[in-house]
Amino acid sequence: MKRSQINKAFKDASSCFAQTCWALPPNAAWDITDFGMGKFDTLGITLVNLAEESEYCEKIIYIRKGQMVPNHAHKVKKEDIICRNGILALRLWKGHPDHDPEESFEIKVNREWRSFRSGDVLTLEAGERVTLEPLVYHMFWCESDECVIGEVSTANDDANDNFFVDTELGRFSSIEEDEPALLRLLNE
Ligand SMILES: O=C[C@@H](O)[C@@H](O)[C@H](O)CO
């Protein structure tokens with residue numbers, strides 16, 4: 001993706017975090033990606049890794065209307081995805097969509113088990129959360145103009161633990177330098 005898109009995403013996310021009172025630590029670890037597809041406005045996300053330890057991880061994430069995080073699962077990481085501000089929608093599958101079409105399964109939403117069929121959409125409002133076990137496929141997007149999302153998880157390994165349904169996708173993007181960088185990303 002272009003450096004100018006990274007700079008703009010950084011400014012957009014910083015402004016939304018400030019407006020919603022999410023103060024970031026100094027030297028925050030920013031992770032801005034278009035999943036290697038060059039369509040950041042529709043396939044992209046802006047994340048900040050707040051804590052990344054061998055046992056646990058915490059992130060704060062910014063996504064704007066029109067953007068989507070593509071369908072993927074983690075083999076190791078278990079995560080709570082939390083809507084902190086705005087309205088967040090997730091589509092969930094029990095397993096790989098090609099192998100488990102429409103299977104029913106249970107997922108914890110706001111600490112209570114709820115039944116889903118693979119492919120169902122869950123909408124979360126501010127404060128609500130879903131607990132995703134490893135191998136649950138999920139994609140998500142924003143129903144409001146912007147959304148702040150929290151993520152609390154077991155150990156995070158974005159380089160090796162993202163399994164996308166579309167195998168053309170990559171987790172990190174190569175960068176085309178079209179203007180000076182306002183920040184360096186965690187993968188640079
Ligand atoms: O589902 C999203 C999260 O697991 C993110 O932390 C991950 O980086 C997306 O690839």
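Residues numbered from 1 in each chain as written. Predicted model: local features only at pLDDT ≥ 70, side-chain atom pairs only at ≥ 80, totals over all residues. Heavy atoms only, no water.

The name an unreviewed UniProt entry assigns to the chain is D-lyxose ketol-isomerase, from the organism Pelagicoccus mobilis. Under Catalytic activity (unreviewed entry), UniProt gives the following word-for-word description of the chain: "D-lyxose = D-xylulose". According to its UniProt record, the chain has this under Sequence similarities (unreviewed entry): "Belongs to the D-lyxose ketol-isomerase family." (UniProt positions renumbered as here; feature names shortened; annotations may be inferred.)

A. Representation of the environment of K108 within the structure. With respect to the helices and strands, the residue K108 is situated in strand β7 (residues 104–109). The class for K108 is partly exposed, based on a relative accessible area of 30%. Expressed as a C-alpha distance, the spacing of K108 and R129, which sit 21 residues apart in the sequence, is 8.5 Å. Dropping the residues within four chain positions of it, K108 is found in contact with W113, R129, V130 and T131. (Helix = DSSP H or I, 4+ residues; strand = E, 2+ residues; numbered from the N terminus. Buried < 20%, exposed > 50% of the residue type's maximum accessible area, 1.4 Å probe, protein only. Contact = heavy atoms within 4.5 Å.)

B. Spatial organisation of the side chain of N49. By the secondary structure assignment, N49 is in strand β2 (residues 45–52). Classification of N49 by relative accessible area gives buried; the value is 7%. At 2.8 Å, the side chain of N49 and the side chain of E52 are in polar contact. With sequence-adjacent residues up to four places away left out, N49 is seen in contact with A29, E58, K59, N156 and L186. (Polar contact = N/O pair within 3.5 Å; in protein donor to acceptor, adjacent residues only side chain to side chain.)

C. Local environment of the site of the ligand. The local shell around the ligand consists of L47, K59, H72, H74, K77, E79, H138, F140, E151, D158, N162 and R171. Here an oxygen atom of the ligand and a side-chain polar atom of K59 are 2.7 Å apart. The side chain of R171 places a nitrogen or oxygen atom 2.9 Å from an oxygen atom of the ligand. With respect to the pocket detection grid, the ligand is positioned in the largest cavity. A class-by-class count of the residues in the shell around the ligand yields 2 nonpolar, 4 polar and 6 charged. (Near = heavy atom within 4 Å. 1 Å grid on protein atoms, 1.4 Å probe; cavity = no way out; pocket = protein on both sides within 12 Å on 5 of 7 lines; lining within 4 Å. Sits in = over half its atoms within 2 Å of the grid points. Nonpolar A, V, L, I, M, F, W, Y, C, P; charged D, E, K, R; others polar.)

D. Structural context of the sheet that holds strand β11 (residues 137–142). Taken in spatial order, the 5 strands of this open sheet run β9-β6-β11-β4-β13, and their pairing is antiparallel. A single partner strand is all that each edge strand has here, and the edge strands are β9 (120–125) and β13 (163–164). Bridge count between strand β4 (residues 68–73) and β11: 3 bridges; the pairing is antiparallel. Considered in β11, the bridge of V69 is made with F140. (Pairing = 2+ DSSP bridges.)

E. Spatial organisation of unusual backbone geometry. The phi dihedral of F35 is positive, around 55°, even though this residue is not glycine. Considering the arrangement of structural elements, one finds F35 in the loop between β1 (29–33) and β2. With a relative accessible area of 3%, F35 lands in the buried category.

F. How the structure looks around helix α1 (residues 3–19). Helix length check: α1, at 17 residues, gives a terminal C-alpha distance of 24 Å against a target of 24 Å (1.5 Å per residue), a fit within 8%. Those residues of α1 lying buried are R3, I6, N7, A9, D12, A13, C16 and F17. Contact partners of the buried residues in α1: β1, β2, β3 (56–64) and β12 (146–154). Following α1 by one or two positions, C21 has its phi on the positive side, about 65°. (Expected span 1.5 Å × (residues − 1).)

G. Fine view of the packing of aromatic side chains. Applying the stated rule across the entire model yields 5 aromatic pairs. Pairing F10 with W30 gives two aromatic rings, centres 4.8 Å apart and planes at 80°, and the pair type is edge-to-face. Of this pair, F10 sits in helix α1 while W30 sits in strand β1, placing them 20 residues apart in sequence. Grouping aromatic residues by their ring pairs yields a cluster made of F10, F17, W30 and Y62. The aromatic ring of F163 is capped on one face by K75, whose charged end is 4.2 Å from the ring centroid. Here the guanidinium or amino end of R171 rests over the ring plane of F172, the centre of that ring lying 4.9 Å away. (Phe/Tyr/Trp six-rings, centres within 6.5 Å; stacked < 30°, edge-to-face > 60°. Lys NZ or Arg CZ within 6 Å of the ring centre and 35° of its normal.)

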